[in-house]
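If you want the building blocks of each chain, they are given just below.
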Amino acid sequence: MKIVISEFMDENAVQTLRARFGRESVVYDAGLVDKPDELAAAVADCDVLIVRNRTQVRGVLLTACAKTRVIGRLGVGLDNIDVAACEARGMKVIPATGANALAVAEYVIGTAMMLRRASYLSTDAVVAGKWPRAALSNGRETAGATLGLVGFGSIGQLTAQLARAVGMSVIAYDPIIKDSDHAWMDTGAIRVELDELIAQADVVSLHVPLVESTKNLFNAERISAMKKGAILINTARGGIVDDAAVASALKSGHLGGAAIDVFEKEPLPASETFAGCPNLVLTPHIAGVSAEANVRVSSMIAEKVIEALS
Ligand code: NAD
């Protein structure tokens, strides 16, 4: 048995795999993703490959996985894995469904509150003795505002619950979740069409996978149809939102704020696109990565891998 782990995994979960399959069976190197030749050599005789979102399980790497039976994904979003090609080779692809949903949901509510209030980015001015109290005194509360969720799966539903707890109304667009699904009743979210959501929401948050139908979903036209002063939060995937259109809507004042955690190219290279944008939070694909989520995601994948092999 050989298990290769090419990105960071909680140490206890790595130990669980070592205890079950033997110490020498588990090759764990969180930096392997950045050493393509070493990675290709390591996977050549592996039964299991465990990745996060950076290892591209397709093309050359997939061909190198000559006897791999299981791909474990430390997260959700399978856009870095050619799932169809894996399945055609008889490989089982296992995501950590739901295990990092709370981290993302908290990120969304936290940034929504911060951006609506627009008062937390004053540290430099306060340190410099400028005391910008008058300029920051028009921040908006979150209770009573409408949150629009695009995608109402595990993360969308959990975000809806947290949003309701802080007094928001929640509307959601998801063409696949049926009217009869208990999630609508459980969360109190109201089902709407995408155009209605865009027209009504004070905060729009995206929770869809990156697939053909979601590419560039929030293009310049849809962003300009959002309410003036609305907040846009993208923790889903880069490529779903037109980042240049977000930047120009922030600069023109049409958008009241934005938080972007995911980018078409990661790491995001230094770029002028976002320079000078007001009320903008950029984070390095971290919404779903908290200490607790890392433990949950890693232990779920260790358990599921053990189950798949037994
Ligand atoms: P999920 O599969 O539980 O839910 C996705 C929902 O999107 C489903 O209900 C599906 O019906 C819906 N959907 C699909 N196509 C749609 C479309 N065109 N329009 C509207 N809805 C559509 O997934 P999840 O666990 O909620 O995660 C959602 C996405 O969040 C993942 O695919 C991943 O890309 C991203 N994610 C990011 C992070 C992060 O750290 N930033 C962490 C976890 C997940």
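Provided above is the structure to which this section pertains.
Residues numbered from 1 in each chain as written. Predicted model: local features only at pLDDT ≥ 70, side-chain atom pairs only at ≥ 80, totals over all residues. Heavy atoms only, no water.

(A) How the structure looks around the site of the ligand. Lining the immediate surroundings of the ligand are 27 residues, of which Ser154, Asp174, Thr235, Asp261 and Gly288 lie closest. The separation between an oxygen atom of the ligand and a polar side-chain atom of Asp174 is 2.6 Å. Note that a nitrogen atom of the ligand is positioned 2.9 Å from one of the side-chain N or O atoms of Asp261. Its free accessible area being 860 Å², the ligand has 86% of it covered by the protein chains. Looking at the shell around the ligand residue by residue, the classes come out as 13 nonpolar, eleven polar and three charged. (Near = heavy atom within 4 Å. Polar contact = N/O pair within 3.5 Å; in protein donor to acceptor, adjacent residues only side chain to side chain. Areas by Shrake-Rupley, 256 points an atom, 1.4 Å probe, with all protein chains shown as cover. Nonpolar A, V, L, I, M, F, W, Y, C, P; charged D, E, K, R; others polar.)

(B) How the structure looks around the nonpolar core. Counting residues in each nonpolar core, the largest one holds 31 residues, and the members touching the most others are Val150, Val204, Phe218, Leu232 and Val246. Counting only elements with at least two residues in this core, the list comes to α9 (194-200), β9 (203-206), β10 (230-234), α11 (243-252) and β11 (255-260). For this core, the element with the highest residue contribution is α11, accounting for five residues. Sequence-distant contacts of Val150, defined by excluding residues within four places in its chain, comprise Tyr173, Leu194, Leu197, Val204, Ser205, Leu206, His207, Val208, Leu217 and Phe218. Counting residues in hydrophobic clusters, the runner-up holds 27 residues, among them Leu149, Ala163, Ile231 and Ile233. (Core = buried A, V, L, I, M, F, W, Y, C linked by side-chain atoms within 4.5 Å. Buried < 20%, exposed > 50% of the residue type's maximum accessible area, 1.4 Å probe, protein only. Helix = DSSP H or I, 4+ residues; strand = E, 2+ residues; numbered from the N terminus. Contact = heavy atoms within 4.5 Å.)

(C) Looking closely at the pattern of salt bridges. Counted under the stated rule, the structure contains eleven salt bridges. The salt bridge partner of Asp202 is Lys227, with a shortest N-O separation of 2.9 Å. In this pair, Asp202 is assigned in the loop between α9 and β9 and Lys227 in the loop between α10 (220-225) and β10, connecting sequence segments 25 residues apart. Since its relative accessible area comes to 17%, Asp202 is described here as buried. In this structure Lys227 comes out as partly exposed when scored by relative accessible area, which is 32%. Overlapping salt bridges, with partners in common, bring together Asp29, Lys35 and Glu38 in one network. (Salt bridge = Lys/Arg side-chain N within 4 Å of Asp/Glu carboxyl O.)

(D) Structural detail: the sheet that holds strand β5 (residues 92-95). An order of β2-β1-β3-β4-β5 is seen for the five strands of this open sheet, with the pairing classed as parallel. In this open sheet, the two edge strands, each paired with only one partner strand, are β2 (26-28) and β5. Adjacent strand axes in the sheet meet at a mean angle of 15° when their direction is disregarded. Pairing between strand β1 (residues 3-5) and β2: three bridges, direction parallel. Pairing of Ile5 across the sheet is with Tyr28, part of β2. The strands touched by helix α12 (residues 291-309) within the sheet are β1, β3 (48-51), β4 (70-73) and β5, with β5 carrying the most contacts at an inclination of about 155°. (Pairing = 2+ DSSP bridges. Axes fitted to C-alpha atoms, helices over the stretch in contact; angles between N-to-C directions.)

(E) Layout of the packing of aromatic side chains. Summed over the entire model, instances satisfying the criterion amount to two aromatic pairs. Measuring from centroid to centroid gives 4.5 Å for Phe152 and Trp184, while their planes differ by 20°, and the two rings are stacked. Separated by 32 residues along the polypeptide, Phe152 in the loop between β6 (146-150) and α7 (154-165) and Trp184 in helix α8 (residues 182-187) bring together distant segments of the chain. Look at Phe152 and you get buried, because its relative accessible area is 0%. Ring centres 6.3 Å apart and planes at 75° place the aromatic pair Phe263 and Phe274 in the edge-to-face group. Of this pair, Phe263 sits in the loop between β11 and β12 (280-282) while Phe274 sits in the loop between β11 and β12, placing them eleven residues apart in sequence. Exposure remark for Phe274: the relative accessible area of 9% places this residue in the buried category. (Phe/Tyr/Trp six-rings, centres within 6.5 Å; stacked < 30°, edge-to-face > 60°.)

(F) Local environment of the side chain of Arg73. In this structure, Arg73 sits in strand β4. Nearest to the buried, unbridged Arg73 among oppositely charged side chains is Asp79, at 5.9 Å. A distance of 2.7 Å separates the side chain of Arg73 from the backbone oxygen of Val76, its partner in a polar contact. If we ignore the near neighbours within four places in the chain, the residues touching Arg73 are Val51, Arg52, Asn53, Leu78, Asn80, Ile81, Ile94, Pro95, Ala96, Arg237 and Ile301. (Lys, Arg positive; Asp, Glu negative; His and termini not counted.)

(G) Layout of the environment of Ser290. Note on placement: Ser290 falls in the loop between β12 and α12. Assessed through its relative accessible area of 25%, Ser290 is described here as partly exposed. On a C-alpha basis, the gap between Ser290 and Val305 in space is 22 Å, while along the polypeptide they are 15 residues apart.

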